Amino acid sequence: EVRNQQAVTERTAYLDFLGQLITDELERRQMRLLERRLKKAAFDPLMTLVAFDFGFNPIINQQQVMDLATTRFIERKENVFLIGPAGVGKTHLAAALAHQACQKGFDVLFAKTPQVIRELMASKADMTWATRMERFITPDLLILDDWGLKPFGRQAADDLYEVIAERYEKGSVIITSNRSVKEWPELFGDPLLASAALDRLVHHAQIITITGKSYRAHKTNIERQKNNLKGSKKA
């Protein structure tokens, strides 16, 4: 109706009017597809690059992050490791890159590594292992957040190896971890399994190491100071 009124007012030619309607419909469908991809990806949509404070930890290689935001690394089937202590923004950057990927039309899945382990282990009991495994293998980009909080255990290590091996040179993986890559072999428990898994992960990988203060702790301190200030004013 809005386009019709606009066409009448501006005396738009029939073909131009039809072209505008088609453009509107294409944009509407693209927005719906993006909404579906974002919902399926299962990450916080508020964690975007625009919302990330690069100034808080200036040691972060912003140019490298922006290059990753072009999503060319997904086209090249490369992996990305975001390494650093708690609270420095690893999860936020991973989610922001996932958001960029969704906008470019890639299928994305964001998952906590412990959640992936639990799902795959539970699937053996209800005979859905192959289906669950497919869920982690097929996306163009898989984000494994909180990798290596504790050793995997043999069964979990086997399952994660299957995910890694099946995705090798077929899809990209982003891993966030508090542990350096040198510490990852001990997570698997089995040196041979660790070597096979890490050889595939590291082969086409970019590593971003983030050091510095915890942004999460910084925000908590600011909120605490605000609350203390409000309390003192009331008093």
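Bear in mind the structure is a predicted one, so any value in this text is a computation, not a measurement. (Residues numbered from 1 in each chain as written. Predicted model: local features only at pLDDT ≥ 70, side-chain atom pairs only at ≥ 80, totals over all residues. Heavy atoms only, no water.)

S.K.: Can you walk me through the nonpolar core in this structure?
M.R.: Residues W147, F152, I175, W184 and F188 are the most contacted members of the largest nonpolar core, which totals 30 residues. In terms of residue count, the dominant contributor to this core is helix 8 (residues 154-167) (6 residues). Excluding residues within four positions of it along the chain, I175 makes contact with V80, F81, L82, L144, W147, W184 and L201. Grouped together as the second largest cluster of nonpolar side chains are 28 residues, L68, V80, A101 and V108 included. (Core = buried A, V, L, I, M, F, W, Y, C linked by side-chain atoms within 4.5 Å. Buried < 20%, exposed > 50% of the residue type's maximum accessible area, 1.4 Å probe, protein only. Helix = DSSP H or I, 4+ residues; strand = E, 2+ residues; numbered from the N terminus. Contact = heavy atoms within 4.5 Å.)

S.K.: Help me understand the sheet that holds strand 1 (residues 79-83) in this model?
M.R.: Pairing between sheet strands relies on hydrogen bonds along the backbone, with the strands arranged either parallel or antiparallel. Read across the sheet, 5 strands follow the order 2-3-4-1-5 without closing on themselves; strand pairing throughout is parallel. The sheet is open, and its two edges are formed by strand 2 (108-112) and strand 5 (205-209), each paired on a single side. This sheet shows a mean twist of 10 degrees between the axes of neighbouring strands, independent of strand direction. Of the strand pairs in this sheet, strand 1 and strand 4 (residues 172-177) are connected by 4 bridges, and their pairing is parallel. Each residue of the ladder has a partner; that of V80, found in strand 4, is I174. Packed on one face of the sheet, helix 6 (residues 113-123) meets strand 2 and strand 3 (141-145) and runs near 90 degrees to strand 2. (Pairing = 2+ DSSP bridges. Axes fitted to C-alpha atoms, helices over the stretch in contact; angles between N-to-C directions.)

S.K.: Before we go on, may I ask you to explain a nonpolar patch on the surface in this structure?
M.R.: On the surface, a cluster of nonpolar side chains totalling about 420 Å² of accessible area is made up of L15, L18, I22 and L26. Relative to the assigned elements, L15 resides in helix 2 (residues 14-41). (Patch = residues over 30% accessible without salt bridge, like charges linked within 9 Å, V, L, I, M, F, W, Y side chains within 5 Å. Areas by Shrake-Rupley, 256 points an atom, 1.4 Å probe, with all protein chains shown as cover. Salt bridge = Lys/Arg side-chain N within 4 Å of Asp/Glu carboxyl O.)

S.K.: How should the confidence of the model for the protein chain be read in this particular structure?
M.R.: Note: predicted coordinates in regions of low pLDDT should not be interpreted at a detailed level. Looking at the protein chain as a whole, the pLDDT averages 86, with 88% of positions reaching at least 70. For the protein chain, helix 11 (residues 215-234) is the element with the lowest average pLDDT, namely 58, and strand 4 is the one with the highest, namely 98. (pLDDT = per-residue confidence, 0-100.)

S.K.: Would you mind showing me how to read the environment of R200 here?
M.R.: Its place among the elements puts R200 in helix 10 (residues 191-203). Residues R200 and E169, 31 residues apart in the sequence, show an inter-C-alpha distance of 8.5 Å. With near-sequence residues (within four places) excluded, R200 lies in contact with N79, Y161, I164, A165 and Y168.

S.K.: It is not clear to me how the pattern of salt bridges should be interpreted in this structure. Could you clarify?
M.R.: Should their charged atoms come close, side chains of opposite charge can pair. If you walk through the whole model with that rule in mind, you get 11 salt bridges. The salt bridge partner of D146 is K112, with a shortest N-O separation of 3.3 Å. With D146 in the loop between strand 3 and helix 8 and K112 in strand 2, this pair connects stretches of sequence that are 34 residues apart. With a relative accessible area of 24%, D146 lands in the partly exposed category.

S.K.: Looking at this structure, I do not really get the packing of helix 6 against helix 8. What am I missing?
M.R.: Geometrically, a packed helix pair is captured by the angle between its two axes and the distance between the axes. Helix 8 packs onto helix 6 with a crossing angle of 100 degrees between their chain directions and a minimal axis gap of 10 Å. Compared by their axis directions, helix 6 and helix 8 come out roughly perpendicular. The segment helix 6 lies against helix 8, with T113, V116, I117, L120 and M121 engaging Q155, A156, D159, L160 and V163. Looking at the contact of helix 6 with helix 8 residue by residue, the class counts come to 7 nonpolar, 2 polar and 1 charged. (Parallel < 35°, antiparallel > 145°, perpendicular 65-115°, else oblique. Nonpolar A, V, L, I, M, F, W, Y, C, P; charged D, E, K, R; others polar.)

S.K.: Looking at this model, I keep getting lost on the environment of V173. Mind explaining?
M.R.: Relative to the assigned elements, V173 resides in strand 4. Distance from V173 to A205, taken between C-alpha atoms, is 8.9 Å for residues 32 residues apart in sequence. Ignoring anything within four residues of it in the chain, the contact list for V173 reads E78, N79, V80, L141, L142, L144 and R167.

S.K.: Before we go on, may I ask you to explain the side chain of H92 in this structure?
M.R.: Tracing the backbone through its elements, the reader meets H92 in helix 5 (residues 90-103). H92 sits in the buried class, given a relative accessible area of 17%. Other than its neighbours up to four places away in sequence, H92 contacts M47, T48, A51 and F52.

S.K.: What should I look at first to understand the side chain of S172 in this one?
M.R.: Following the sequence through the fold, S172 ends up in strand 4. Filtering out sequence-adjacent residues up to four positions away, S172 remains in contact with F73, I74, K77, E78, N79, D140, L141, L142 and R167.

S.K.: Could you clarify how one ought to interpret the packing of helix 6 against helix 7 (residues 129-137) in this entry?
M.R.: For the pair helix 6 and helix 7, interaxial distance at closest approach is 8 Å and the crossing angle is 155 degrees. Viewed along their axes, helix 6 and helix 7 adopt a mutual orientation that is roughly antiparallel. Our pair here, helix 6 against helix 7, has a crossing hand that is left-handed. Judged by residue contacts, Q115, V116, E119, L120 and S123 of helix 6 engage W129, R132, M133, R135 and F136 from helix 7. Considered class by class, the residues forming the contact of helix 6 with helix 7 number 5 nonpolar, 2 polar and 3 charged. (Left-handed = near helix turned anticlockwise from the far one by under 90°.)

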